[in-house]
Amino acid sequence: ISKMGKLKVDIDPKYSRYASEISAIPSKYDSLRVSKTFCNNRNCVSLIKVENFDWVLKRYMRPIFINSLIYTFIRPNKAIRAYRYAKRLLEMGIDTPYPVAYMATYRFGLFDIGYFISEYSSYRQLYETDSLSETDRKKLYRAFAEFTADLHRKRICHPDYNPGNILWGRTGDGEFKFMLVDINRLSFGKRSVRPYIKSLAEEHLPANLLEDYCAIMGYDLKMAESVIMQKRRHNARKMRLKELLGLKRKQE
């Protein structure tokens, strides 16, 4: 890792020759060659052109002060985790877009904004299945259940396991393959079954996922359904609380 003034950069050796172009991205952020913006809410995810490469750049929102302290002195920031976790996933045989670099800017000695760059993948989100026949869609969902089981057998848990963070594609022989994105909150090494089942509580995942997953893993379906319902109730309470707090702020 090199420190460049108020900037910290770590670049994968594959792209080390482009260190100057990559390191300039935070200072030239507003003038980058952006081909497409995938998301621009709390964080901004864009497809950018650097030299002859199409890269996906994720710019994380500036954290609140307490989190700046945490990311400076206690815990790696989101960009660092995304970069390191991508390398770890690939080493473990789980696909994710190849990590190019991460950058972190600092103000007054404290972490300010993080950037993560990965290679662009033409894989589609799990939402996007309209082009498939019903038969192929069933094959896709079955393959996804097997992918999920493999992920959990390797003790990898994705807390935001929703169709937007799961990409799919096909090999030359028609086999379905998957990639994970938005990986900075992954956890590794959990031993209890419950966290993995809880990660399947997202209501927009394929309808038969839990049943297929339990059959593959040898889990009791009723037990898993109970865990899912508890998690969804917890999520609903959390959402109501956020809405109430949001309403209170508006009233203040």
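Residues numbered from 1 in each chain as written. Predicted model: local features only at pLDDT ≥ 70, side-chain atom pairs only at ≥ 80, totals over all residues. Heavy atoms only, no water.

## What about the sheet that holds strand E8 (residues 124–125)?
Taken in spatial order, the 3 strands of this open sheet run E8-E10-E11, and their pairing is antiparallel. Single-partner strands in this sheet number two, and they are E8 and strand E11 (176–180). Bridge count for E8 against strand E10 (residues 166–170) is 2 bridges, and the pairing is antiparallel. By the bridge assignment, glutamine 125 is partnered in E10 with leucine 167. The strands that helix H4 (residues 134–153) touches are E10 and E11; relative to E11, the one it contacts most, it runs at about 50 degrees. (Pairing = 2+ DSSP bridges. Helix = DSSP H or I, 4+ residues; strand = E, 2+ residues; numbered from the N terminus. Contact = heavy atoms within 4.5 Å. Axes fitted to C-alpha atoms, helices over the stretch in contact; angles between N-to-C directions.)

## Observations concerning the environment of isoleucine 228
Along the chain, isoleucine 228 turns up in helix H7 (residues 221–251). Assessed through its relative accessible area of 4%, isoleucine 228 is described here as buried. Distance from isoleucine 228 to alanine 201, taken between C-alpha atoms, is 5.2 Å for residues 27 residues apart in sequence. Once residues within four sequence positions are removed from consideration, isoleucine 228 is found in contact with Ile197, Leu200, Ala201 and Leu210. (Buried < 20%, exposed > 50% of the residue type's maximum accessible area, 1.4 Å probe, protein only.)

## Here we look at unusual backbone geometry
In this structure, phenylalanine 108 is a non-glycine residue whose phi angle is positive, near 50 degrees. For phenylalanine 108, the position within the fold is in the loop between strand E6 (99–107) and strand E7 (110–119). Take phenylalanine 108: its relative accessible area is 79%, and that puts it in the exposed class. Look at aspartate 182: it is not a glycine, yet its phi comes out positive at around 55 degrees. Structurally, aspartate 182 is set in the loop between E11 and strand E12 (187–188).

## So, the pattern of salt bridges
For the structure on display, the rule yields 12 salt bridges. A salt bridge links arginine 107 to aspartate 112; the shortest N-O distance between them is 3.5 Å. Residue arginine 107 is classed as partly exposed on the basis of its relative accessible area of 44%. A relative accessible area of 7% means that aspartate 112 is categorised as buried. Salt-bridge contacts for aspartate 160 lead to arginine 185; the nearest nitrogen and oxygen are separated by 2.8 Å. Here the residue aspartate 160 occupies a position in the loop between strand E9 (156–157) and E10, and arginine 185 occupies one in the loop between E11 and E12, the gap between them amounting to 25 residues. (Salt bridge = Lys/Arg side-chain N within 4 Å of Asp/Glu carboxyl O.)

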